[in-house]
Amino acid sequence: GENVEQHPSTLSVQEGDSAVIKCTYSDSASNYFPWYKQELGKRPQLIIDIRSNVGEKKDQRIAVTLNKTAKHFSLHITETQPEDSAVYFCAANSGGSNYKLTFGKGTLLTVNP
Amino acid sequence: DVKVTQSSRYLVKRTGEKVFLECVQDMDHENMFWYRQDPGLGLRLIYFSYDVKMKEKGDIPEGYSVSREKKERFSLILESASTNQTSMYLCASSLIANYGYTFGSGTRLTVV
């Protein structure tokens, strides 16, 4: 089955800096890669996703890049703000089943004011 | 706005009890999922369903079963609760395959 590795597990940045979280996946048939943000005590929420037919997608301060050859994808947050502090999860669908997502273990991002 | 509602926010059950966790979504989504979330382990898939009465095992189905009698409702059943099932349980739904999930608020289950 699919295996998704996520790094780093914790990340601390100063407000205004950029943050990058990286994920690798194992199933070459995977074609959908969402990112979720989970604030303390709240549900995970989809913040951005990318499909395998594109290499990059941007939404304001958030961008995701995908390298299919290397089987890795990354989340980039620019001009970080304290409200960006949360746990971020990457995920990939399982090529053998388009329905389910396999998640990384999460990255705790702390943005220091 | 899609709503995924989990019936309980906190539950405390005794070892050996049969436990039902209920999840209801209101947007006619085809697919529903149960994950458990544990510190350092992320979200792990227990079971999912892509249609009424259809179910498939996820990565950690042992000790659990599910029921989907109606499209909007997906129940997770712990046949005989054990202390290692103490966890946060998250239900999610998605409209179609390869589409983002909407998560419920979670049920924090403690088995004593």
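Keep in mind that this is a model prediction, so the values were computed, not measured.

**Q** Can you tell me about the interface of chain A and chain B, naming the residues and giving the values?
**A** Between chain A and chain B, the contact holds 19 residues from the first and 23 residues from the second. Taking both sides of the interface into account, the surface hidden between chain A and chain B amounts to around 1800 Å²; carbon and sulfur atoms contribute 54%. At the boundary of chain A and chain B, one finds zero salt bridges. There are eight residue pairs in polar contact (both at pLDDT 80 or more) connecting chain A and chain B. At the level of secondary structure, the elements contributing two or more residues to the side of chain A that touches chain B comprise β4 (32–38), β5 (45–51), β9 (86–94) and β10 (97–103) of chain A. No other element matches the six residues that β10 of chain A contributes to the side of chain A that touches chain B. Across the side of chain A that touches chain B, the residue classes tally to eight nonpolar, seven polar and four charged.

**Q** Now, about the packing of aromatic side chains: what can you tell me, with residues and values included?
**A** Counted under the stated rule, the structure contains 16 aromatic pairs over all chains. Consider the rings of Phe103 of chain A and Tyr35 of chain B, whose centres lie 5.2 Å apart with planes at 90°: the pair is edge-to-face. Here Phe103 of chain A is found in strand β10, whereas its partner Tyr35 of chain B is found in strand β4 (residues 31–38) on a different chain. Residue Tyr35 of chain B is classed as buried on the basis of its relative accessible area of 0%. Ring plane angle 25° and centroid distance 4.2 Å describe the contact between Phe33 of chain B and Tyr101 of chain B, whose orientation is recorded as stacked. With Phe33 of chain B in strand β4 and Tyr101 of chain B in the loop between β9 (87–94) and β10 (102–103), the pair connects residues that are 68 residues apart, well separated along the chain. Accessibility expressed as a relative area gives 0% for Phe33 of chain B, which makes it buried. Aromatic rings pair up to connect Tyr36, Phe89 and Phe103 of chain A together with Phe33, Tyr35, Phe48, Tyr101 and Phe103 of chain B into one cluster.

About the thresholds
Residues numbered from 1 in each chain as written. Chains lettered and ligands numbered in written order. Predicted model: local features only at pLDDT ≥ 70, side-chain atom pairs only at ≥ 80, totals over all residues. Heavy atoms only, no water. Contact = heavy atoms within 4.5 Å. Buried area = accessible area lost by both parts, 1.4 Å probe. Salt bridge = Lys/Arg side-chain N within 4 Å of Asp/Glu carboxyl O. Polar contact = N/O pair within 3.5 Å; in protein donor to acceptor, adjacent residues only side chain to side chain. Helix = DSSP H or I, 4+ residues; strand = E, 2+ residues; numbered from the N terminus. Nonpolar A, V, L, I, M, F, W, Y, C, P; charged D, E, K, R; others polar. Phe/Tyr/Trp six-rings, centres within 6.5 Å; stacked < 30°, edge-to-face > 60°. Buried < 20%, exposed > 50% of the residue type's maximum accessible area, 1.4 Å probe, protein only.

Interpretation in functional terms is not warranted from these geometric data alone.
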